[in-house]
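As a plain string of letters, each chain reads:
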Amino acid sequence: MKTRAWPLAVCAAALVLASVAAQSPARAQSFAFAGETVISGRPVNPVLTGVAPGARVEITAERNGTPPFGGGPVLYRSRAVFTADAAGTVDLTAAAPVEGDYEGADGRGLFWSMKATRDPAQADAPAGQVVFTARVDGAPVATGRVRVLRADPAVVTTPVGDALPGAVFASLPGPEKRPVVILLGGSEGGSFVARTYAGKFASEGFAVLGLPYYSPQWGPQPQEIPGLPRSFVDIDASYL
């Protein structure tokens with residue numbers, strides 16, 4: 001039987017290519033965050049890895065949200081463009097975008113710069129989920145998800161009772177003595193501030209009293225908190 005002898009140069013080249021392939025695994029583009037779930041106000045640390053060094057990378061962030069004055073959920077979106085570093089990484093906490101919806105290095109930049117769009121909301125998305133998408137030359141290369149919760153799930157929030165209509169008390173469980181915060185809303189009235197922020201402050205170790213002090217009545221809509229003044233005049237200061 002005759003065997004074919006390959007030229008020495010071809011064999012050497014094949015060995016070099018095999019060695020390079022063995023030492024250089026395929027680069028996988030991916031996002032990493034401080035955790036799968038992050039409490040609002042704490043570091044999120046979004047980092048994209050695995051892109052080509054020096055690549056121009058567009059990163060968008062999207063979440064469902066409710067417009068300030070009511071209505072169904074809409075899609076909020078922000079956008080920024082970065083240049084990947086020599087390691088093929090974009091660390092949003094350390095890197096400033098070259099263009100986009102905010103300026104300067106800011107790990108929360110893509111969160112607070114979101115704006116409402118006319119696009120449909122994400123279907124069946126968990127509350128607080130933010131979807132990051134990285135694109136190079138217009139083509140998606142990586143997607144990541146992080147859920148941002150308004151408050152620590154361990155916070156216990158309870159209504160105060162009839163003595164303070166609409167008021168809630170929020171705190172982390174345990175016997176520790178905690179500094180106290182009293183939350184007072186503005187001219188919007190009602191329970192919005194108490195409901196929205198009591199748990200958030202309690203997540204940071206405060207004992208929080210969310211205290212509505214007037215409850216406006218708009219047209220034929222029923223008053224949200226009966227027993228409180230209906231208009232922002234003659235508020236009893238002793239109540240506060």
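As the structure is a prediction and not an experimental result, all values here were calculated from the model.

K.L.:
Where do I start with the overall build of the protein chain in this structure?
P.N.:
A count of helical and extended segments in the protein chain gives three helices and 14 strands. For the protein chain, the proportion of its 240 residues judged to be buried stands at 34%. In the protein chain, the share of contacts with a sequence separation of at least 24, taken over all contacts with a separation of at least 6, comes to 56%. Roughly 14,500 Å² of accessible area belongs to the protein chain as shown, and the carbon and sulfur atoms make up 58% of that amount.

K.L.:
Explain a nonpolar patch on the surface to me, please; I cannot follow it from the model alone.
P.N.:
On the surface, V180, I182 and L184 cluster together into a nonpolar patch covering about 290 Å² of accessible area. Structurally, L184 is set in the loop between β13 (180–183) and α3 (192–203).

K.L.:
Would you take a moment to explain empty space enclosed by the protein for this structure?
P.N.:
Rolled over the atoms, a probe with the dimensions of a water molecule shows which regions are left empty. This model, assessed by the stated rule, comprises one cavity of 30 Å³ or more. Size it by volume and the largest cavity reaches roughly 40 Å³. Across the lining of the largest cavity, the residue classes break down as four nonpolar, four polar and one charged.

K.L.:
Quick question: what am I supposed to make of the packing of aromatic side chains here?
P.N.:
Where two aromatic rings form a pair, the distance of their centres and the angle of their planes describe that pair. Scanning the model with the defined rule gives nine aromatic pairs in all. It is R63 that lies over the ring of Y76; its NZ or CZ is 4.7 Å from the centre.

K.L.:
For this particular structure, what's the right way to read the pairing of strand β5 (residues 74–83)?
P.N.:
Consecutive residues of a regular strand have side chains that alternate between opposite faces of the sheet. The element β5 is extensively covered by neighbouring structure, given that seven of its ten residues are classed as buried. Where strand β4 (residues 56–65) and β5 come together, ten bridges link them in antiparallel fashion. The residue of β5 that forms the bridge with E62 is R77. Sheet analysis places β5 next to strand β8 (residues 115–116), joined by two bridges and oriented antiparallel. Residue Y76 lies in a different strand from β8, and its bridge partner there is A116. Of the pairings in the sheet, the one linking β5 to strand β7 (residues 99–100) comprises two bridges and is antiparallel in character. Each bridged residue has a counterpart across the sheet, and for V81 the counterpart in β7 is E99.

K.L.:
Can you help me understand unusual backbone geometry in this one?
P.N.:
Negative phi is the rule for most residues except glycine; trans is the rule for most peptide bonds. One non-glycine residue, N45, lies in the positive phi region at around 55 degrees. Mapped onto the fold, N45 is located in the loop between β2 (37–39) and β3 (47–49). Positive phi, close to 55 degrees, is recorded for D124, a residue that is not glycine. Mapped onto the fold, D124 is located in the loop between β8 and β9 (129–136). Overall, the relative accessible area of 81% leaves D124 in the exposed class.

K.L.:
How do you make sense of α3 when you look at a structure like this?
P.N.:
Taking 1.5 Å per residue, twelve residues should reach 16 Å; α3 reaches 18 Å between its end C-alpha atoms and fits that length. Within the sequence span of α3, burial applies to V193, A194, T196, A198, G199, A202 and S203. Following α3 by one or two positions, G205 adopts a phi angle in the positive range, close to 100 degrees.

K.L.:
Help me understand the environment of R77, please; the structure alone is not making it clear to me.
P.N.:
With respect to the secondary-structure elements, R77 resides in strand β5. R77 sits 33 residues away from L110 along the chain, and the two C-alpha atoms are 8.3 Å apart. A polar contact is formed between the side chain of R77 and the side chain of E62, at a distance of 2.7 Å. A polar contact is formed between the side chain of R77 and the side chain of D119, at a distance of 2.8 Å.

K.L.:
I would appreciate a short explanation of the sheet that holds strand β14 (residues 207–210) in the present structure.
P.N.:
Reading across from one edge, β11-β12-β14-β13 is the order of the four strands in this open sheet, with mixed pairing throughout. Where the open sheet ends on each side, the last strands, each with one partner, are β11 (156–159) and β13. The mean inter-strand angle of the sheet, taken between neighbouring strand axes irrespective of direction, is 15 degrees. As paired elements, β11 and strand β12 (residues 168–171) share four bridges and run antiparallel to each other. Looking across to β12, one finds that T158 is bridged to F169. Contacts from α3 reach β12, β13 and β14 within the one sheet, and its direction differs from that of β12 by about 20 degrees.

What counts, and where the lines are drawn
- Residues numbered from 1 in each chain as written.
- Predicted model: local features only at pLDDT ≥ 70, side-chain atom pairs only at ≥ 80, totals over all residues.
- Heavy atoms only, no water.
- Helix = DSSP H or I, 4+ residues; strand = E, 2+ residues; numbered from the N terminus.
- Buried < 20%, exposed > 50% of the residue type's maximum accessible area, 1.4 Å probe, protein only.
- Contact = heavy atoms within 4.5 Å.
- Areas by Shrake-Rupley, 256 points an atom, 1.4 Å probe, with all protein chains shown as cover.
- Patch = residues over 30% accessible without salt bridge, like charges linked within 9 Å, V, L, I, M, F, W, Y side chains within 5 Å.
- Salt bridge = Lys/Arg side-chain N within 4 Å of Asp/Glu carboxyl O.
- 1 Å grid on protein atoms, 1.4 Å probe; cavity = no way out; pocket = protein on both sides within 12 Å on 5 of 7 lines; lining within 4 Å.
- Points joined across faces, edges and corners; volume = space filled by probe spheres on them.
- Nonpolar A, V, L, I, M, F, W, Y, C, P; charged D, E, K, R; others polar.
- Phe/Tyr/Trp six-rings, centres within 6.5 Å; stacked < 30°, edge-to-face > 60°.
- Lys NZ or Arg CZ within 6 Å of the ring centre and 35° of its normal.
- Pairing = 2+ DSSP bridges.
- Expected span 1.5 Å × (residues − 1).
- Polar contact = N/O pair within 3.5 Å; in protein donor to acceptor, adjacent residues only side chain to side chain.
- Axes fitted to C-alpha atoms, helices over the stretch in contact; angles between N-to-C directions.

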